[in-house]
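Single-letter residue listing:
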Amino acid sequence: ETGVTQTPRHLVMGMTNKKSLKCEQHLGHNAMYWYKQSAKKPLELMFVYSLEERVENNSVPSRFSPECPNSSHLFLHLHTLQPEDSALYLCASSQHDRAYGYTFGSGTRLTVV
Amino acid sequence: GESVGLHLPTLSVQEGDNSIINCAYSNSASDYFIWYKQESGKGPQFIIDIRSNMDKRQGQRVTVLLNKTVKHLSLQIAATQPGDSAVYFCAENISGSGGSNYKLTFGKGTLLTVNP
């Protein structure tokens, strides 16, 4: 474990389902991130939460809805997804004012059918 | 911007050889750099980092070299083992960028294959 725990590790969902991805960090960080990693593409930053406030949303479709109830937990709520949303979703955390110790979770492999 | 469907550079080495993975970073203002290792189906794992006031840093079996003049970063892995097979990518950061201190810019990655 890296100190950032993601659940579930694998998820298969239909296009009409609603599901949530969970991320928890045990590092005392106060910034958390969602990334999307598709095959043969660089990491794509989706959302940034710093001190529990959303500070960045990189033009992500509204079918992805993040939630950060506290500095240790981050969720990504999913609904009405498309097959092209199938990817590895990675959570990361760091201190809000620096990238030192930037740590990733193991990811959730999402397949939309 | 990044292109879609790009092919990763690959490096194939024999077990026991030394590996050198290169990264050209984009922003001359970047002052903090991280190397990550990503095995298939897993998240990126921190390997080693370096600040711009250094040109070399060593870890266990790994060394990172930084050449700010040509904006080049390299990761050297000594005595490469089959377990080192993974995608390696670098990330750059500007620590003094005010509200964006947390931002990392990631390289495309290099696929390292270690042959037994």
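For the structure, check the block above.
Residues numbered from 1 in each chain as written. Chains lettered and ligands numbered in written order. Predicted model: local features only at pLDDT ≥ 70, side-chain atom pairs only at ≥ 80, totals over all residues. Heavy atoms only, no water.

## Points about the sheet that holds strand E8 (residues 73-79) of chain A
All names here are of chain A.
Point 1. Ordered in space as E1-E3-E8-E7, the 4 strands form an open sheet in which the pairing is antiparallel. Each edge of the open sheet is held by one strand with a lone partner, namely strand E1 (4-7) and strand E7 (64-70). Taken pair by pair, the neighbouring strands of this sheet meet at an average axis angle of 20°, ignoring direction.
Point 2. Bridge count between E7 and E8: 5 bridges; the pairing is antiparallel. Paired with Phe64 across the two strands is Leu78, which belongs to E8. (Pairing = 2+ DSSP bridges. Helix = DSSP H or I, 4+ residues; strand = E, 2+ residues; numbered from the N terminus. Axes fitted to C-alpha atoms, helices over the stretch in contact; angles between N-to-C directions.)

## Thoughts on the sheet that holds strand E2 (residues 19-24) of chain B
Strand pairing in a sheet takes place through backbone hydrogen bonds and is either antiparallel or parallel in direction.
All names here are of chain B.
Point 1. Taken in spatial order, the 4 strands of this open sheet run E2-E7-E6-E5, and their pairing is antiparallel. Whereas interior strands pair on both sides, the edge strands pair on one side only; in this sheet they are E2 and strand E5 (56-58). In this sheet, adjacent strand axes meet at a mean angle of 15° when their direction is disregarded.
Point 2. Sheet topology places E5 next to strand E6 (residues 62-67); 3 bridges connect them, and they run antiparallel. Across the sheet, Arg57 pairs through a bridge with Val64, a residue of E6.

## Focus on unusual backbone geometry
Residues and elements named next belong to chain A.
Point 1. Across the junction of Thr7 and Pro8, the peptide omega takes the value -10°, indicating a cis bond.
Point 2. Counting through the fold element by element, Pro8 comes out in the loop between E1 and strand E2 (10-13).
Point 3. You will see that Leu51, though not glycine, has its phi angle at about 55°, which is positive.
Point 4. Relative to the helices and strands, Leu51 resides in the loop between strand E5 (44-50) and strand E6 (53-57).
Point 5. The exposure class assigned to Leu51 is partly exposed, which follows from its relative accessible area of 47%.
Point 6. A positive phi angle, close to 70°, is found at Glu52, a residue other than glycine.
Point 7. Mapped onto the secondary structure, Glu52 falls in the loop between E5 and E6. (Buried < 20%, exposed > 50% of the residue type's maximum accessible area, 1.4 Å probe, protein only.)

## Examining the environment of A:Leu88
Point 1. Checked against the element boundaries, A:Leu88 lands in strand E9 (residues 87-94).
Point 2. Judged by its relative accessible area of 4%, A:Leu88 falls in the buried class.
Point 3. When the C-alpha positions of A:Leu88 and A:Gly107 are compared, they lie 6.1 Å apart, and in sequence the two are 19 residues distant.
Point 4. In contact with A:Leu88, not counting residues within four places along its chain, are A:Tyr35, A:Lys36, A:Gln37, A:Ser106, A:Gly107, A:Thr108, A:Arg109, B:Gln38 and B:Lys42. (Contact = heavy atoms within 4.5 Å.)

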